[in-house]
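# Understanding the architecture of this molecule
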Amino acid sequence: MHALIIDDDSFNLGVLSQMLNMEGVSSSGVINPVALDDALVDSTPIDLVFLDLEMPGIDGLEVFRNLKADNRFQRVPIIAYSVHISEINKVRQLGFQGFIGKPIDAVVI
Amino acid sequence: MSKLENKHVFVIEDNPANYAIIATLLQMYGAKTGFERWGTTTIGRLRKFAPVDLILLDLMFPYGVSGFDIFDEIRACPEFAQVPIVAVSAMDAAVAIPKVRAKGFSGFIAKPISFTAFPDQISKVLNNEAVWQYEPSSI
């Protein structure tokens, strides 16, 4: 299984990547979501996306809409993560497959 | 950010969040990391990861495995007999440090680890300096 992590914070991205690695899931990371298209050019097929909702320069929800408009991601589950638990209802309505509050609980993942 | 450049650090830790934070910090400072989760396949994974500059070992594992048993298992292998092993544990340091010193560990780092102090603690151990942390960090 291969996951894509979109997060502007390299430390958070690293921690999530290592946690997935321990569970046998490989991952690639995108720190600059504005350059998401470039990052996806020769990527391995993606089974799951983790998307940070708060990034500078671009709204996480806009990234979500862009991904869902892309054929490659229409059937890929996208999990939002944010420190703002109050966002959970919004992301559910938009069609995210999951929501994780930060800091991440490793056992739940 | 390169004080641990090309150092090979093997982490034995069952909690993915703890491992993930430790591994990410080590990698940010240039180290390469490997891991063992349950303490049941340690030697095989160490051999695949070798050469090893340092081993970080949690002391408490599920399924009746203890860090002290893992320590003995590692030391029984000639190729790892000299590799420094540091305990990284949430155990009460006043109780744990005398035990791990007597056992032959090269240091004790208290959990939760300090994001700022941890890379320096690792750097010190790699320079053969002792690291015995009695007070938990406030992060």
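The shown structure was predicted, so the numbers you read here are calculated from the model rather than taken from an experiment. (Residues numbered from 1 in each chain as written. Chains lettered and ligands numbered in written order. Predicted model: local features only at pLDDT ≥ 70, side-chain atom pairs only at ≥ 80, totals over all residues.)

### Observations regarding the overall build of chain B
When helices and strands are counted, chain B shows five helices and six strands. The helix and strand sequence of chain B, counted from the amino end, reads β-α-β-α-β-α-β-α-β-α-β. Taking 139 residues into account, the globule formula puts the C-alpha radius of gyration at 14 Å, and chain B, at 14 Å, falls close to it. Considering only C-alpha atoms, chain B reaches an extent of 35 × 35 × 30 Å along its principal axes. Counting the 139 residues in chain B, one finds 40% classified as buried. Once local pairs closer than 6 in sequence are excluded, the contacts in chain B between residues at least 24 apart make up 63%. (Helix = DSSP H or I, 4+ residues; strand = E, 2+ residues; numbered from the N terminus. Rg over C-alpha atoms; globule rule 2.2 N^0.38 Å. Buried ≥ 20, exposed ≤ 12 C-beta atoms within 10 Å, placed from the backbone. Contact = placed C-beta atoms within 7 Å.)

### Some thoughts on the interface of chain B and chain A
The interface of chain B with chain A comprises 11 residues on the first partner and nine residues on the second. The element best represented in the side of chain B that touches chain A is helix α1 (residues 16-28) of chain B, accounting for eight residues. Classifying every residue of the side of chain B that touches chain A gives seven nonpolar, three polar and one charged. (Nonpolar A, V, L, I, M, F, W, Y, C, P; charged D, E, K, R; others polar.)

### Details of the environment of lysine 124 of chain B
All names here are of chain B. In this fold, lysine 124 is placed in helix α5 (residues 118-126). For lysine 124, a count of 14 C-beta atoms within 10 Å puts it in the partly exposed group. Setting aside residues no more than four positions away along its own chain, lysine 124 makes contact with Glu129 and Val131.

### Details of the confidence of the model for chain A
Predicted coordinates in areas of low pLDDT are best not read in detail. Mean pLDDT over chain A works out to 79, with 73% of the residues at or above the 70 mark. Put simply, helix α4 (residues 88-94) of chain A is where chain A has its lowest mean pLDDT, 62, and strand β1 (residues 2-6) of chain A is where it has its highest, 92. (pLDDT = per-residue confidence, 0-100.)

### Description of the sheet that holds strand β1 (residues 8-12) of chain B
Residues and elements named next belong to chain B. Ordered in space as β2-β1-β3-β4-β5-β6, the six strands form an open sheet in which the pairing is parallel. Two strands close off the open sheet at either side, each with one partner strand: β2 (32-36) and β6 (131-132). In the sheet, strand β3 (residues 54-57) pairs with strand β4 (residues 85-89) via three bridges, with the strands oriented parallel. Paired with leucine 57 across the bridge in β4 is alanine 87. (Pairing = 2+ DSSP bridges.)

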